[in-house]
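The residues making up each chain are set out below.
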Amino acid sequence: MKQYDHRKIEGKWQEEWEKADIYAANDASDKKKFYPLVEFPFPSGSGLHTGHIRSYTAMDIVARKHRMQGENVLYPIGWDAFGLPTENYAIKTGRQPKDVTKENTDNFRRQLKSLGLSFDWSREVNTTDPEYFKWTQWIFLKMYEKGLAYKAKIAINWCPKDKIGLANEEVVNGCCERCGTPVEQREKEQWMLAITKYADRLYDDLDGVDYLERIKIQQRNWIGRSEGAEISFPVKDSKENIQVFTTRPDTLFGVTYVVLAPEHPLVSRLSAANRDAVDSYVSSASKKDEIERTDAKKEKTGVRLEGVVAVNPANGVEVPVFVADYVLAQYGTGAVMAVPAHDERDLSFAKKYDLPIRLVIEPLFVKTDGVDAVRSDKPFVERTAALCIVKHWSEDTYLCSKWKSNDWQGFITGGVEDGESVALAAEREIAEETGYKSAKYVRTCGRLHSQFYHGVKGVNRFAHFDVVYLELQDGDVAEMAQEEKDLHDVHWVSRSDVRNFVNREDMKTAWDMFSGSQCLTGDGILANSGAFDGLDSEGARRKITDAVGGSWVKKFKLRDWVFSRQRYWGEPMPMIYCARCGWVPVPEKDLPVELPAVQKYEPTDTGESPLAAIDEWVNVKCPNCSGPARRETDTMPNWAGSSWYFLRYVDPKNKEVFADPKKLSLWTPIDWYNGGMEHTTLHLLYSRFWHKFLFDLGLVPTSEPYLKRTSHGMILAEGGEKMSKSRGNVINPDDLVDTYGADTLRVYEMFMGPFDQAISWDGRGLIGPRRFIERVYSLAQEVSGESLGREADVLLQKTVQKVSVDIESMGFNTAISALMILANKLGDEANVPKEPFSTFLRLLAPFAPHVAEELWHDLGNKDSIHMAPWPVADQSKLAEEESTIAVQINGKVRATFKASKAATKDDLEGAAFSLDEVKKWVGENNPKKVIVVPGRLVSIVI
RNA sequence: GCCGGAGUGGCGGAACUGGUCAGACGCGCACGACUCAAAAUCGUGUAUCGAAAGGUGUGUGGGUUCGACUCCCACCUCCGGCACCA
């Protein structure tokens, strides 16, 4: 009997597959195309890690299944090889980055091949290959041509350790994403890409793609679009206007001061009486780094521009003007109107500088069961009415109000002494208006914070409400009478009952709102707002904006992309600076601009790229005037090459264009892109941006590159920590492939847990998949007989169906579980014939390609199993199956019986009652109610 | 603070659109077989209380339902992302 020896099997088949080239994608096929994509790795010195394997194996399974389904599959791989780690490693070891890259990619390639991944290796791309980055440079030139690439002097995030400028996206908590060093601000000339011009489309087009919802949300958050008004505040006795941006123009009447960011140009232009104080504040603000500036928790600071007064365009009220660094220059207009009553930041500033607080929004919302019922569009609200019993926060007074069907009706009565009579009146009134006959039951009681005029000390006082919720509908009147009684007894306005609803915390909240220590930031009804009183926030926004001549605009958090890096190991910018002609693009025919061979490529402290020191490379003739000129010495960030690599796979050797349009329209868009959660903001956004740009030039057929995007969960070390070299808990795939085999490793990584969730490595867990494969292997040695047992056959059909579905929905763990169940069942059978076993093998093939291939050939097949047709479930066999019906008595399952799938309700009910077990439980009792769900159960209530 | 996601056995995790006594599959563990012995392998068992009948159990507390891990509400905990974006 043959023993399973993965070392023998896996190497052999990897060779065979390569020889027969079975995974090559066909550019000239009329089969349906399928283009799955995984993020190409950065070939680091430490080799492949478990996360790569998880993602690559998953998409390999998908690719293999589709190939077996007869589709023309393009499953490519390449190398995202530019980048700091290689450069730093090269500097440390005194070697050329190019050589280090070569070595690392060779190692990665070997490792990937040892896993039996079905990549089309003939399409391998490498971002550091001049034949590749020629086109990266070419796309950049196109962007320059269209005005999307520009050079600007900006304060950039500078990492003093890596000596490199960072994009905002690369700064995490004010520190360098890579090395964790706190980032400094430096003014530098940088190449920028105007991604903000695409912000709207990058946002809107998410609606049309199939990304995991959380990925879409992250993208939207990152783009950070918000709509609002730009409103002008004229400066008194001056020609200047302060333009502010606000999403809450409905609070315009509540403005009590205006704030400028320290970098705002008006700060120096306006004539402040305290010029010195203002200037020193501005300069101290500029010295603070990003972390300090953007820490929301720190106390707000600012300086008033003495003598400068802004005029509220809504009501002519004159308000002071401040400069304060809690306002960001880069966002909106760099100036805000401050409404301390309805904005927490403004409130804390106002309190510190003793500025007035003006309430202009009444919080008119019902909070019941945690649902903001007034604004809720939940169906039950449509049929619901509420009576609100109100207790004044300080006085022993009750009010009653009513509310129904998404529509606030206001209070029907003012303060009264006798709550009960008011409640009854309100209830009657509701019944009349809604047409419902009477109240059915109390739904719940919750709380309601609202504001009402009570005339105490001439201000709006906040009160605390208790809500009694009545669902009004036609129904059994007798039943209701009792419930109504309960309602009154339990909930109506005996004062002691009210005490049960009103707890101290609620009272405190109400008090805090009134006293201004808590801020009402939600929407509500306008008050103290002149002609706009009584409007709701939503409707008032546009009206007020229009009334003061403001404009309605969209703003974004997204900023333009800092595209320059002052390092060696990246794509050189194809730009030349000529004193006479300015910036001149390198002519297309001179692309690629290659990196010169250098001895030293350490970064410089001056912030200049190491390339700047190489005179013979830097000094060139101006392509325009042939005068003396200098090359741009910045290089591109490593996001550049990965922004379009998936297009190059389509036509990797093309020397004329980045890819043949015909091939692009055959293969793109990508059907399914899987990658790490860490790339769902930056890489995804950048590559979508580039793709849209190419689409606008008519160079790619679709405006979105990826139809579907999923993400795998991270694999953590045993114990739940991150895997890292420094912790010494990194798993080396080479060892695992050697001791357990690639098939076992693949199955283990897919079986260990839900694909999209983070999970800890468990070294012992590998043994399960290994045993499973061994069991399959020994099962294969006993294939014999003519037919399979009926039960096993049905299970086989079910498994075919389940595995097919699970692969598409990334349920790899449950697919493998189903295969294990089937293998166990087959093991129990007296004999397993060849045909059903070969079906099983084909289901297994995507997961464990080597052993499946070996056993497939043992069965006498000549061609590869990976080219064999994917099994289809025999529906007729599944339909024949009887279903087991459960019999529930008072909600508990007491018996089961078998019935055909066609059995009617009456059949099932009769069958259920004839069971002894059921008779025992039902006994003398008459069933009150019987519910029959065909194919599932009979539920008897006694 | 805001936005997502998740809380199920000793562990990783199953459970279709609420419906066949929740815990599949795998790991681990216990016992048994084989062995001089061990490993490997195979078999049996493995939420919990109870002698049994029968209860109780999916973070906590309520609710809806004939029936809830699944739906609704409140609360607690953990993870991920964003965070003075007006």
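Just so we're clear, the structure is a prediction, and the values are computed from it rather than from any experiment.

A. How the structure looks around the overall build of chain A. For chain A, the helix and strand inventory stands at 31 helices and 40 strands. Taking the contacts inside chain A whose residues are at least 6 apart along the sequence as the reference set, 72% of them involve residues at least 24 apart.

B. Quick look at the sheet that holds strand S17 (residues 335-338). Ordered by their spatial adjacency, 4 strands build an open sheet running S15-S16-S14-S17, and the pairing between neighbours is mixed. Looking at strand neighbours, the two that pair on one side only are strand S15 (302-311) and S17, the edges of this open sheet. Looking at each pair of strands side by side, their axes are set apart by 25 degrees on average, direction ignored. Direction of pairing for strand S14 (residues 257-260) relative to strand S16 (residues 318-324): parallel, over a ladder of 3 bridges. From the neighbouring strand, Leu260 faces S16, where its bridge partner is Val323. Sheet contacts for helix H9 (residues 275-287): S15 and S16; angle to S15, the most-contacted strand, approximately 120 degrees.

C. Representation of the packing of aromatic side chains within the structure. Applying the stated criterion across every chain, the model contains 42 aromatic pairs. Centre to centre, the rings of Phe646 and Tyr706 are 5.1 Å apart; their planes meet at 65 degrees, and the pair counts as edge-to-face. Linking Phe646 in helix H19 (residues 645-648) with Tyr706 in the loop between helix H21 (682-696) and strand S34 (708-712), this pair joins segments that are 60 residues apart in sequence. Using a relative accessible area of 1% as the deciding quantity, one classes Phe646 as buried. What makes Tyr706 buried here is its relative accessible area of 0%. Connected via pairs of aromatic rings, a cluster forms that spans Phe140, Tyr144, Trp191, Tyr198, Trp561, Phe563, Tyr577, Trp583, Trp639, Tyr686, Phe689 and Trp690. Lys113 extends its terminal NZ or CZ atom over the ring of Trp121, reaching a point 5.0 Å from the ring centre.

D. Seen up close, the pairing of strand S12 (residues 226-234). Pairing between S12 and strand S27 (residues 551-555): 5 bridges, direction antiparallel. From the neighbouring strand, Glu227 faces S27, where its bridge partner is Lys554. Here S12 hands over to strand S13 (residues 241-246) after 6 residues, with Asp237 in that stretch at a positive phi of 55 degrees.

E. Broad picture of the packing of helix H25 (residues 790-808) against helix H26 (residues 812-828). With their axes 9 Å apart at the nearest point, H25 and H26 run at an angle of 165 degrees to one another. The orientation of H25 with respect to H26, classified from their angle, is roughly antiparallel. Considering only the axes of H25 and H26, their crossing is left-handed. Listed contacts from H26 to Glu791, Ala792, Leu795, Leu796, Thr799, Lys802, Val803, Asp806 and Ile807 of H25 are Phe812, Thr814, Ala815, Ala818, Leu819, Ile821, Leu822 and Lys825. For the contact of H25 with H26, a count of residues per class yields 11 nonpolar, 2 polar and 4 charged.

F. Structural view of unusual backbone geometry. In this structure, Pro592 follows Leu591 across a cis peptide bond, with omega equal to -5 degrees. Mapped onto the fold, Pro592 is located in the loop between strand S30 (582-585) and helix H18 (615-618). The residue after Thr668, namely Pro669, is reached through a cis peptide bond having omega 0 degrees. Positionally, Pro669 belongs in the loop between helix H20 (661-667) and strand S33 (672-676). Its identity is not glycine, yet Asp21 carries a phi of approximately 55 degrees, on the positive side. Relative to the elements of secondary structure, Asp21 occurs in the loop between helix H1 (6-20) and strand S1 (33-34). For Asp354, which is not glycine, the phi dihedral falls at a positive 55 degrees.

G. Broad picture of the packing of helix H23 (residues 742-751) against helix H28 (residues 849-858). It is the contact of H23 with H28, at a shortest axis distance of 7 Å, that shows an interaxial angle of 125 degrees. Considered as vectors, H23 and H28 are oriented oblique to each other. Listed contacts from H28 to Ala742, Asp743 and Arg746 of H23 are Pro849, His850 and Val851. Taken together, the residues that form the contact of H23 with H28 break down as 3 nonpolar, 1 polar and 2 charged.

H. Spotlight on helix H27 (residues 834-844). Most of H27 is tucked away: 9 of the 11 residues are buried. Where H27 is concerned, the buried positions are Pro836, Phe837, Ser838, Thr839, Phe840, Leu841, Arg842, Leu843 and Leu844. Of the surrounding secondary structure, the elements contacted by the buried residues of H27 are helix H2 (50-68), helix H24 (767-780), H25, H26 and H28.

I. Summary view of the environment of Gly332. Its location among the elements puts Gly332 in the loop between S16 and S17. Between the alpha carbons of Gly332 and Gly228 there is a distance of 9.7 Å; along the sequence they are 104 residues apart.

J. Highlighting the sheet that holds strand S37 (residues 883-889). The mixed open sheet is built from 4 strands, whose spatial order is S38-S37-S40-S39. This sheet does not close on itself; its edge strands, each paired only once, are strand S38 (892-899) and strand S39 (929-933). Between one strand axis and the next, the sheet turns through 15 degrees on average, direction left out of account. Each of S37, S38, S39 and strand S40 (937-941) touches helix H30 (residues 905-913); the most contacted strand, S39, lies at about 120 degrees to it.

K. Structural context of the environment of Ala597. For Ala597, the location among the structural elements is in the loop between S30 and H18. Along the sequence, Ala597 and Val730 sit 133 residues apart, while their C-alpha atoms lie 34 Å from each other.

L. Structural view of the confidence of the model for chain A. When pLDDT is averaged across chain A, the result is 80; 81% of the residues are at 70 or more. Counting interchain partners and residues more than four positions distant, the pLDDT-below-50 stretch residues 364-517 has 292 contacts. ipTM for the predicted complex: 0.94, alongside a pTM of 0.83.

M. Summary view of the side chain of Ser939. By the secondary structure assignment, Ser939 is in strand S40. Exposure remark for Ser939: the relative accessible area of 11% places this residue in the buried category. Those residues in contact with Ser939, other than ones at most four positions away along the chain, are Gln888, Lys929, Val930 and Ile931.

N. How the structure looks around the pattern of salt bridges. Within the structure shown, the criterion is met by 46 salt bridges. Salt-bridge contacts for Lys102 lead to Asp106; the nearest nitrogen and oxygen are separated by 2.6 Å. Taken together, the residues span about one helical turn, with Lys102 and Asp106 both in helix H4 (residues 97-114) at a distance of 4 residues. The partner of Arg201 in a salt bridge is Asp696, and the shortest N-O contact between them spans 2.8 Å. Separated by 495 residues along the polypeptide, Arg201 in helix H6 (residues 199-204) and Asp696 in helix H21 bring together distant segments of the chain. Its relative accessible area of 29% is what places Arg201 among the partly exposed residues. Several salt bridges converge on common partners, so that one network encompasses Asp27, Asp120, Arg123, Asp651 and Lys663.

Rules used throughout
Residues numbered from 1 in each chain as written. Chains lettered and ligands numbered in written order. Predicted model: local features only at pLDDT ≥ 70, side-chain atom pairs only at ≥ 80, totals over all residues. Heavy atoms only, no water. Helix = DSSP H or I, 4+ residues; strand = E, 2+ residues; numbered from the N terminus. Contact = heavy atoms within 4.5 Å. Pairing = 2+ DSSP bridges. Axes fitted to C-alpha atoms, helices over the stretch in contact; angles between N-to-C directions. Phe/Tyr/Trp six-rings, centres within 6.5 Å; stacked < 30°, edge-to-face > 60°. Buried < 20%, exposed > 50% of the residue type's maximum accessible area, 1.4 Å probe, protein only. Lys NZ or Arg CZ within 6 Å of the ring centre and 35° of its normal. Parallel < 35°, antiparallel > 145°, perpendicular 65-115°, else oblique. Left-handed = near helix turned anticlockwise from the far one by under 90°. Nonpolar A, V, L, I, M, F, W, Y, C, P; charged D, E, K, R; others polar. pLDDT = per-residue confidence, 0-100. Salt bridge = Lys/Arg side-chain N within 4 Å of Asp/Glu carboxyl O.

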